[in-house]
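# Analysis of the macromolecular model
Letter by letter, the chains look like this.
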Amino acid sequence: MKKWIAILCAGALTITACSGDNSDSDTSQRKEVVLLAYDSFTPEDGIFDAFTQDTGYTVTVVTGGDSGAVISKAILTAGNPEGDVLWGVDNTSLSRVNNADVFASYDEVNTGDICINIDTQWFASRNLPTPTTLEDLVRPDYKDLLVVQDPVSSSPGLGFLLGTIAHFGDDAWPKYWESLTKNGVLVVPDWTTAYYTNFSGSSGNGDRPLVVSYGSSPPAEVVFSDPPIDTPPTSVMESSCFRQIEYVGALRGARNSAGATALVKYLLDIEFQESMPLTLFVYPINPDARLPEVFMKFALQPTNPLTLAPDVIADNRDMWLETWREIVLS
Amino acid sequence: MRLFSHNASPQSDVTVVFRRVFLMLSVLPTVWFAVFFMWPTLHAFVSLMSWDTVVHTLSSRTTWTVLWFTTWQALLSVGATFVIALPLTWILARFTFRGSRWVRAIVSTPFVLPTVVVAGAVMTLLPLQYQFGVHGIIIAHVLFNIAVVVRIVGVRWRSISPDQMRAAQVLAASPMRTLWHITLPQLRVSLYSAALIVFVFTFTSFGVVSVLGGLTRRTIEVEIYTNAIRLGFFDTAMTLAVIQLCAVAVVFALSASMQRHTRTTHGTTFQPVSLKDHPRHRFTILSIAIATPILVALPFIGLFVRSFRAGDTWTFNAWRALWNGSLEQVGLDVPAIIARSLFFALITVVIAVPMAYITASLSTYMPRGASLIRSFTSLPIIISAVTLGFGIIVTFDHAPFNWRGDTWLLPVIHALIALPLAVHLLVPALQAISPTQREAAVTLGASPMKVWWHIDARTMRSPCAGAAALSFAVSLGEFGATTFLSRSSSTTLPIAISQLLSRPGTTLQASGFALAAILAIMTAVVMSRA
């Protein structure tokens, strides 16, 4: 027994020594800026090279699950964060994050719309008209066709929930969700699972032709199509769109606060902002950034999306989430 | 026998010295227990419980749905475990055959494995639409708890005299009648004991339900975690923890009262009979004896097999991804995580074994305080690891006790969780040391220190090694408290595995299976030394 302990001890210490422990790097070596984000944060390759050239800081992107997981962790580590910059907070979660004093400073970084995406070919092949309104989703014709994300952990899931609340009002939305549940809505934990496993219109070939995703997902399908296609295979239900604003900010108590500030400035600058439409599929907040052609052709930016005032969200979100869980998950 | 005159005998001299020394040493485990267990749980209770939250939580439909699910899945797990385990228990108690020791070892192994490993193993057997749901949960629970039934009921079954059965046969009773009228009444208490233990384990199940339950199937423990971490509803989480505590306490009280009311007098055990002497049912018996361990081993074989699959192709990618750094994009540095888990486990042993030894010694040399000591040290089992983890994040969150994100806290907490099990192992061994041995040593002129070294320490070497192996395994596989406490720099193997398993249909999940297989082997190796 003692021999085993000795061997394991030696092995563990050796491996620890070899793999390096960079948690106690001293001040002069702080040339790394850690950007915390959710899993689907996929910036363009090499987009941070210019930043490194200008400032000398290298950017390390660390993803930690879906937006809900990243935000929960940020709240739990407020003041002693695991990174320097946080990407993943949006208008639905800003109040929660600010209550916990997570940011040293923050700014709007992009906008987008959370909308129902429709697999048009699926409906065409079955000669079914595509749904056009939220009310359509509870009709028996569209039974067992919708997949949504858990609003507790997913920001598009929460955005969709808030959209239904904005549309139906505080009194009628529970009834709507009861009907949706009866009509066979599938709830999954995050966007990646919903879009790439359950949705029939993307590469995953799932069995549900209706999914909560972004207004910019159709152009994304064109951009990533292989073999290349000219028109998107999916469309967006305009009346379901909820406006989402994403924020980025330097974390309070970050180890490299100078680097954090520099990185945030870079994320708001033209080069990164112009890369966002085709990699993150969101609209830049910087008014001088130009939009790529495929985006302008196929992305839908509704003129009248559903919105809710930030303070209304802040005051009611907890209660709404509790009610939603009671209706849908029970 | 008194060698001396009216003075205190040498034996009680030594005992008095031991008692004083261990009383002094007991300051260490007491302070440790008070700071890292009593304070967080009491503080969380006092600061978060209020009449309003209790009313609010009890009036929410979600609470009752979760409570109902937790209860019925636990009952179903008990039933399913008994159905699978009882035939094998009978066979192992009554018969011996070539390989019976292996059969017993195989069906008992899942019990010592980490919850995420067993959950991952079950996941490999389920088709996609059943991957998150109650079926997987029940299967995993059965796998875990077969060992409990085989152990507890098997021991009792061995002490039922075969002569009674033969007498019943002579009187022309059918096997069913024999079972009902002779065997079952004598097994009743052990059946209840086993059922209660399995019920408590499955009622407070966290790792299994967290990996296999999906969104709709949650037990109270998972709901505590969701409320605390994902929703930020700390007061609801605390109320749920108290509800669970009450339920578990009631079950424990039932079990204690039942054990007090029935005196089990089974001194004799009857040796199992070789199967060769029973040609009549030999085939059925052998098939059950072979089929059950195969069924138990199947998920773990699946773990290996699925780790080499990506979609429809066989590939080493998932295993390669563990070492070549491609998992760093999801924040997992696997070699560092493995090294860290081993290191934490080592520290856990260094803390837990001395603390358990001191506690066990104290309860041996101070028989009057023994039951109180045992009750306190059993608290970490009754108050679940999840509740402890939750208590810590709401207590150690401000200076100068801003420890909740600190790496050193993890092995300290793991040791706390391992403590009851280690004490449970050490106390019988300590109590078995005959006082006359010490007495003899004293007569031969040994000082108390020498008596301790040559008698106690030497006898306790093997049980201490067992306690060390147990603490090591507990730390390696600990999931409930660790999910609250681990950060990127202190990720352990179970955390990494659960993160990877939650991404269905990708190489990441296959890497999760691979990592779970590694953890399974490590734990099995360690526990085989126990």
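Just so you know, these numbers come straight off a predicted model, no measurement behind them.

The number of helices and strands found in chain A is twelve helices and nine strands. Relative to the compact-globule value of 20 Å for 330 residues, chain A shows a C-alpha radius of gyration of 22 Å, a close match. By its C-alpha atoms, chain A is 65 × 55 × 45 Å across when sized along the principal axes. Looking at the 330 residues of chain A, the share that counts as buried comes to 52%. Residue pairs in contact within chain A that sit at least 24 positions apart in sequence constitute 76% of those at least 6 positions apart. As displayed, chain A has an accessible area near 14,300 Å², and 51% of this comes from carbon and sulfur atoms. Once the 20 positive and 43 negative side-chain charges of chain A are each reduced to a mean point, those two points are 7 Å apart.

Let's shift gears to the overall build of chain B. Within chain B, the secondary structure is distributed over 23 helices and four strands. C-alpha atoms of chain B, sized along the principal axes, occupy 80 × 75 × 50 Å. Of all 530 residues assigned to chain B, the portion counted as buried reaches 54%. If you take every contact in chain B between residues at least 6 apart in sequence, the share linking residues at least 24 apart comes to 82%. Here chain B displays about 24,200 Å² of accessible surface, and carbon together with sulfur accounts for 67% of that area. For chain B, the distance from the average site of its 36 positive side-chain charges to the average site of its 15 negative ones is 13 Å.

Residues and elements named next belong to chain B. Per the domain assignment, the segments making up chain B are domain 1 (8–48 + 339–485), domain 2 (49–306) and domain 3 (313–332 + 491–530). Relative placement of domain 1 and domain 3: their C-alpha centres are 32 Å apart. Across the contact, 15 residues belong to domain 1 and twelve residues belong to domain 3. Here domain 1 and domain 3 share an interface that buries about 1,100 Å² over both sides, 78% of which is from carbon and sulfur atoms. Of all residues in domain 1, the largest losses of buried area upon contact with domain 3 belong to S341, L476 and F479, amounting jointly to 37% of the total for that side. For the pair domain 1 and domain 3, the interface holds zero salt bridges. Applying the counting rule to domain 1 against domain 3 returns two residue pairs in polar contact (both at pLDDT 80 or more). Residue assignment for the side of domain 1 that touches domain 3 shows that the elements contributing at least two residues are α15 (334–365), α20 (448–477) and α21 (482–485). Here the element with the most residues in the side of domain 1 that touches domain 3 is α20; it accounts for seven residues. Across the side of domain 1 that touches domain 3, the residue classes break down as eight nonpolar, five polar and two charged.

Now for the pattern of salt bridges. Counting across every chain of the model gives nine salt bridges over all chains. When the shortest N-O distance is used, the salt bridge between R317 of chain A and D318 of chain A registers 3.9 Å. Of the charged contacts, one joins R438 of chain B and D456 of chain B as a salt bridge, the two residues approaching to 3.0 Å between their closest N and O atoms. With R438 of chain B in helix α19 (residues 435–443) and D456 of chain B in helix α20, this pair connects stretches of sequence that are 18 residues apart. Note on accessibility: R438 of chain B and D456 of chain B belong to one class, buried. Connected through salt bridges with shared partners, the residues D136, R139 and D141 of chain A form a single ionic network.

Residues and elements named next belong to chain A. Going through the model one piece at a time under the given rule, you end up with one disulfide over all chains. Paired by a disulfide, C115 and C241 hold their sulfur atoms 2.0 Å apart. On the sign convention where negative means left-handed, the S-S torsion of about 115 degrees between C115 and C241 marks this disulfide as right-handed. Within this pair, whereas C115 is found in strand β4 (residues 103–119), its partner C241 is found in strand β8 (residues 234–251), the two being separated by 126 residues in sequence. Overall, C241 belongs to the buried group, its relative accessible area being 1%.

Taken together, the contact between chain B and chain A spans 36 residues of the former and 40 residues of the latter. Of the roughly 3,400 Å² buried at the junction of chain B and chain A (both faces included), carbon and sulfur atoms supply 59%. With a shortest N-O distance of 2.7 Å, R325 of chain A and E223 of chain B are connected by a salt bridge. Linking chain B with chain A are eight residue pairs in polar contact (both at pLDDT 80 or more). Mapped by element, the contributors of at least two residues to the side of chain B that touches chain A are α4 (61–94), α11 (220–231), α15 and α20 of chain B. Of the residues belonging to the side of chain B that touches chain A, the class tally is 17 nonpolar, eleven polar and eight charged.

What follows concerns the pairing of strand β7 (residues 210–214) of chain A. Put simply, side chains in a regular strand alternate between the two faces of the sheet. All names here are of chain A. Burial runs high along β7: five of the five residues are buried. Of the pairings in the sheet, the one linking β4 to β7 comprises five bridges and is antiparallel in character. Bridged to I118 within β7 is L210. The pairing of strand β5 (residues 146–149) with β7 spans two bridges and is classified as parallel. Bridge pairing in β7 places L146 opposite L210.

All names here are of chain B. With 26 residues, helix α13 (residues 282–307) ought to run about 38 Å at 1.5 Å a step, and its terminal C-alpha atoms sit 38 Å apart, in line with that. Along α13, the largest kink reaches about 35 degrees and is centred on L298; proline P299 follows within four residues of it. Within the sequence span of α13, burial applies to I285, A289, T292, P293, V296, P299, F300, G302, L303 and S307.

Of all eleven residues making up helix α17 (residues 385–395) of chain B, eleven are buried, and the element is well covered by its neighbours. Residues of α17 of chain B that are buried include every one of A385, V386, T387, L388, G389, F390, G391, I392, I393, V394 and T395 of chain B, and no others.

Thresholds, definitions, all that
Residues numbered from 1 in each chain as written. Chains lettered and ligands numbered in written order. Predicted model: local features only at pLDDT ≥ 70, side-chain atom pairs only at ≥ 80, totals over all residues. Heavy atoms only, no water. Helix = DSSP H or I, 4+ residues; strand = E, 2+ residues; numbered from the N terminus. Rg over C-alpha atoms; globule rule 2.2 N^0.38 Å. Buried < 20%, exposed > 50% of the residue type's maximum accessible area, 1.4 Å probe, protein only. Contact = heavy atoms within 4.5 Å. Areas by Shrake-Rupley, 256 points an atom, 1.4 Å probe, with all protein chains shown as cover. Lys, Arg positive; Asp, Glu negative; His and termini not counted. Charge placed at Lys NZ, Arg CZ, Asp CG, Glu CD. Domains from an automatic or database assignment. Buried area = accessible area lost by both parts, 1.4 Å probe. Salt bridge = Lys/Arg side-chain N within 4 Å of Asp/Glu carboxyl O. Polar contact = N/O pair within 3.5 Å; in protein donor to acceptor, adjacent residues only side chain to side chain. Nonpolar A, V, L, I, M, F, W, Y, C, P; charged D, E, K, R; others polar. Disulfide = S-S within 2.5 Å. Pairing = 2+ DSSP bridges. Expected span 1.5 Å × (residues − 1). Bend = angle between axes of the 7 residues up to and from the residue.

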